[in-house]
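Structure assessment
Residue strings, one per chain:
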Amino acid sequence: MANQTISPGPATAAAAPKSVRKKRVEPILFNTFNTLFMIGLVVVTLYPFLNTIVVSLNAGNDTIRGGIYLWPREFTWQNYKAVFASGTIYDAFWISVARTVLSTLLNLVLTTMLAYTLSRREYVFRKPITLIFILTMYFNAGLIPGYFLMKDLHLLNSFWVYVIPSMISAFNMIVIRTYIGTIPESLVESARIDGAGDFKIFIRIIFPLCKPVLATIALFVAVGAWNSWFDAFIYTSSRQELSTLQYELMKLLSSSMNANSNPAVAAGAGMTQDAAVNMVTPISIRAAVTVVASVPILLVYPFMQKYFVVGLNVGSVKE
Amino acid sequence: MEETFVKDSAVRKPKKNKKITWAVLKEQRQLIYMSVPLMAYIILFAYVPIWGWTMAFQDYKPARDFSEQKWVGFKHFEFLFKDDSFLQVLRNTLAMSVINMILGFTTAIILALLLNEIKKVFWKRTVQTISYLPHFLSWIIVTGIVATSLASDGIINDVLMKLHLIKEPIQWLSEGKYFWGIVGASHVWKEVGWNTIIYLAAMASIDPALYEAADMDGASRYRKMFHVTLPGIKPTIIILLIMQVGHILEAGFEVQYLLGNGLVVDWSQTIDIFVLKYGLAQGNYSLATAAGIFKTVVSVTLLLIANGVAKRLGEERLL
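Residues numbered from 1 in each chain as written. Chains lettered and ligands numbered in written order. Predicted model: local features only at pLDDT ≥ 70, side-chain atom pairs only at ≥ 80, totals over all residues. Heavy atoms only, no water.

Definition in use: UniProt positions are given in the numbering used here, feature names are shortened, and annotations may be inferred rather than shown by experiment.
By the naming in an unreviewed UniProt entry, chain B goes by Aldouronate transport system permease protein and is assigned to Paenibacillus lactis. Per UniProt, chain B has the following entry under Sequence similarities (unreviewed entry): "Belongs to the binding-protein-dependent transport system permease family."

An unreviewed UniProt entry annotates chain A as Sugar ABC transporter permease of Paenibacillus ihbetae. In its Sequence similarities (unreviewed entry) section, the UniProt entry covering chain A states "Belongs to the binding-protein-dependent transport system permease family."

Details of the overall build of chain B
For the record, the criterion: Numbering of helices and strands starts at the N terminus; helices are DSSP runs of H or I of at least 4 residues and strands are runs of E of at least 2. Working definition: with a 1.4 Å probe on protein chains only, accessible area under 20% of the residue-type maximum means buried, over 50% means exposed, and in between means partly exposed. Here, residues are in contact when the closest pair of their heavy atoms is within 4.5 Å. To be clear on the numbers: accessible area is Shrake-Rupley with a 1.4 Å probe, and residue cover counts the displayed protein chains and nothing else.
Across its full length, chain B holds 15 helices and 2 strands. If you line up chain B on its principal axes, its C-alpha atoms span 75 × 70 × 35 Å. The burial tally for chain B puts 53% of its 319 residues in the buried class. Taking all contacts inside chain B whose residues are at least 6 apart in sequence as the whole, residues at least 24 apart take part in 69%. Carbon and sulfur atoms form 65% of the exposed surface of chain B, whose accessible area is close to 15,500 Å².

A few points about helix 7 (residues 170–180) of chain A
Counting buried positions over the 11 residues of helix 7 of chain A gives 11, a clear majority of the element. Taken together, the buried positions of helix 7 of chain A are occupied by Ala170, Phe171, Asn172, Met173, Ile174, Val175, Ile176, Arg177, Thr178, Tyr179 and Ile180 of chain A.

Some thoughts on the UniProt feature "domain: ABC transmembrane type-1" (unreviewed entry) in chain B
Cross-referencing UniProt, the feature "domain: ABC transmembrane type-1" (unreviewed entry) maps to residues 90–306 of chain B in the present numbering. Summarising residues 90–306 of chain B: 76% helix, 0% strand, and an end-to-end C-alpha distance of 21 Å.

Here's the deal with the interface of chain A and chain B
The parts lose accessible area when they come together, and the size of an interface is often stated as this lost area. To keep things clear, this is the line we draw: Put simply, buried area is how much 1.4 Å-probe accessible surface two parts lose in total, over both of them, once they are put together. Polarity classes work like this: nonpolar for Ala, Val, Leu, Ile, Met, Phe, Trp, Tyr, Cys and Pro, charged for Asp, Glu, Lys and Arg, and polar for all others, with Gly in that last group.
Counting residues at the interface gives 118 residues for chain A and 109 residues for chain B. For the pairing of chain A and chain B, the buried interface totals around 10,300 Å² over both sides, and the portion due to carbon and sulfur atoms is 72%. Top contributing element to the side of chain A that touches chain B by residue count: helix 1 (residues 26–56) of chain A, with 19 residues. Partitioned by chemical class, the residues of the side of chain A that touches chain B number 78 nonpolar, 26 polar and 14 charged.

So, the packing of aromatic side chains
All names here are of chain B. How we decide: Side-chain rings of Phe, Tyr and Trp (the six-membered ring for Trp) are treated as a pair once their centres are within 6.5 Å; stacked means planes under 30 degrees apart, edge-to-face means over 60, and tilted covers the remaining angles.
For the structure shown, the criterion picks out 44 aromatic pairs over all chains. Considering the side-chain rings of tyrosine 60 and tyrosine 285, the 6.0 Å spacing of their centres and the 80° angle between planes classify their relative orientation as edge-to-face. Within this pair, whereas tyrosine 60 is found in the loop between strand 1 (58–59) and strand 2 (70–71), its partner tyrosine 285 is found in helix 15 (residues 285–318), the two being separated by 225 residues in sequence. Each member of the pair, tyrosine 60 as well as tyrosine 285, carries the same accessibility label: buried. Where phenylalanine 81 meets phenylalanine 294, the ring centres are 5.2 Å apart and the plane angle is 75°; that geometry is what we call edge-to-face. With phenylalanine 81 in helix 4 (residues 75–82) and phenylalanine 294 in helix 15, the pair connects residues that are 213 residues apart, well separated along the chain.

Some points on the UniProt feature "transmembrane region" (unreviewed entry) in chain B
The positions UniProt marks with the feature "transmembrane region" (unreviewed entry) are residues 31–52, 94–115, 136–156, 196–214, 226–249 and 285–310 of chain B. Helix makes up 83% of residues 226–249 of chain B and strand 0%, with an end-to-end C-alpha separation of 32 Å.

A look at unusual backbone geometry
Even without a glycine there, the phi angle at asparagine 157 of chain A is positive, about 55°. Inspection of the secondary structure puts asparagine 157 of chain A in the loop between helix 6 (143–152) and helix 7. With a relative accessible area of 24%, asparagine 157 of chain A lands in the partly exposed category. One non-glycine residue, histidine 164 of chain B, adopts positive backbone phi at about 60°. Position of histidine 164 of chain B relative to the elements: it lies in the loop between helix 8 (155–162) and helix 9 (176–204).

Some remarks on the pattern of salt bridges
The following threshold applies: Any carboxyl oxygen of Asp or Glu that lies within 4 Å of a side-chain nitrogen of Lys or Arg is treated as forming a salt bridge with it.
Applying the stated criterion across every chain, the model contains 17 salt bridges over all chains. In this structure, the salt-bridge partner of lysine 224 of chain B is aspartate 215 of chain B, at a minimum N-O distance of 2.7 Å. Among the charged side chains, a salt-bridge network with shared partners connects Arg120, Glu122, Glu185, Arg192 and Asp198 of chain A.

Regarding the environment of glycine 279 of chain B
Residues and elements named next belong to chain B. Looking at where glycine 279 falls in the secondary structure, it is placed in helix 14 (residues 271–281). Note on glycine 279: relative accessible area 0%, which makes it buried. C-alpha of glycine 279 to C-alpha of alanine 291: the two residues are 12 residues apart in sequence and 9.8 Å apart in space.

Comments concerning a nonpolar patch on the surface
Rules: Within this analysis, patches are made of residues with over 30% relative accessible area and no salt bridge. Like charges are joined at 9 Å or less; nonpolar side chains (Val, Leu, Ile, Met, Phe, Trp, Tyr) at 5 Å or less.
Nonpolar side chains collect at one region of the surface, where Leu153 of chain A together with Ile43, Leu44 and Val48 of chain B lie side by side and expose about 250 Å² of accessible area between them. Counting through the fold element by element, isoleucine 43 of chain B comes out in helix 3 (residues 29–47). Classification of isoleucine 43 of chain B by relative accessible area gives partly exposed; the value is 30%.

Section: the confidence of the model for chain A
All names here are of chain A. Note the following rule: The score called pLDDT rates the predictor's confidence residue by residue, from a low of 0 to a high of 100.
For chain A, the mean per-residue pLDDT works out to 84, and 82% of the residues sit at or above 70. Element-level pLDDT for chain A is lowest in helix 13 (residues 263–268), with a mean of 38, against a maximum mean of 96 in helix 4 (residues 87–119). Segment residues 1–16: pLDDT under 50, and 45 contacts once partners within four positions in sequence are set aside and those in other chains are kept. pLDDT under 50 marks residues 315–319. Its contacts with residues more than four places away, or in other chains, come to 15 contacts.

Quick word on the UniProt feature "transmembrane region" (unreviewed entry) in chain A
All names here are of chain A. Under the local residue numbering, the UniProt record ascribes the feature "transmembrane region" (unreviewed entry) to residues 28–50, 93–116, 128–148, 160–180, 201–226 and 283–303. Between the end C-alpha atoms of residues 201–226 there is a gap of 32 Å, over a span that is 96% helix and 0% strand. Span residues 283–303 is 100% helix and 0% strand, its end C-alpha atoms 31 Å apart.

Given below as structure tokens:
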């Protein structure tokens, strides 16, 4: 996660030696091996995921016969229809969207605001507040005390338990603060001469200039919020309407794992409400939910790549 | 994550050492409005729950007031260290942590070395983008994929049978002896691509003159990999390794919880699962809190030691 090096960018690595290479035979051998290795890596990484997509598009009762690899045998949208026809998963999807959007927005604004104040050298409380935040990266009161806190704050079985406890991360604050340190001080000073207060400087100057690092942080926070299930599991499990997509997926998985060991449970568990559509099976439903739960992120991250590689390095720039 | 602390505390001398006076407070009131509420927030969510640690020294009953609780000293800690199931959980945590660490480091370094040898930028970027994909999937999805792949009719058994390496499908997830390896392999599958980012950045900052000099001396590609690239990233490896030691009790929770089942509990349960089981499931809050405190105290101690060592090394090697 963290990084020590200041890099001029990964691209320069490739440019190093070219002159002497041609004379040798061994590069051919090496390159062949390396290419094969990378193809293997790509296959091992992508295959399970592609297979899940194919299963989600294949008729459930046909999938049970086995032999579905990279192409559906009996193509159907039925599994997706069943997923969205089931009210629980449809609701959970929107709860997940809402918590992800809210968490991301709040994290970006609050963490950047804090980072700005703690980047001001003249601020009298800079050191104590910085220390209070940094220490939170080292310890954690633990599951049980945390649970009682949520209970005392009346956050149990409330939507806000997804958002409020994780509005600021000390690590992200440091990454942003380091980035703010690279913004020329003269911009802040000239704004101050024009009569702008700190709040205005933050909103008008610092926040807009932080876009590259905020893109990284937004990705990390959004992925974390979208993928989390444990809070739904321990804090809101008695209110079905607050369930999240990942938690619903977890329930489907654990019911199918029980199904492996005990066929009697299998008949009762899973998607009973879809039993009418006999093309749909727990396996195909699970595949469809997996795709729904992962596609939003997978559509976004390749375009963020240039930001997060830079962002990870910014977090490590020494002062 | 932690070395930021090292740097932060190391050298950051404020320019002006202002005294706290009413005039200064008034001048900086906007900074105060922007940061003090956030400080109150983090104190509430990260520091206040530490009060809950008192539960570990009581026979805590939720129905009673704090003044009515019975204090029992270190009874629960003594019980933990005589309890075979806790010692087993501790063994599992350490074993999986060490396995994850060794596998994680070696695979990421090897992959980074091989990626660094790809000279076609487009191909390199494509492989990198694909290798990041599993990092963005939740553990729910990853364990779902792992369970599907390892099922008796899953792809792993399929391939092994077709290669005639085994005669009968192996019940991977039903036998304890495979569990640690499966957890390690799942971590590698999920994170190996992501973990190369930091090494590739370190490799990109190696002075190209070193490669040119090696070429002059007629060094082969392997020699350059072993005598230029690898020593070039050695400081990064050492620092990351030291940091990882601080996380030795963090073997993870999700993957063991999600992949574990009744047949492999003796190998799958970690400290976090122990806390969840005794605390929230069985209502033995005091014992669970004691186990949580043990974990936190050991982790913080190790982290501080690791930080100290890294700081010392950092000054010699990194600056």
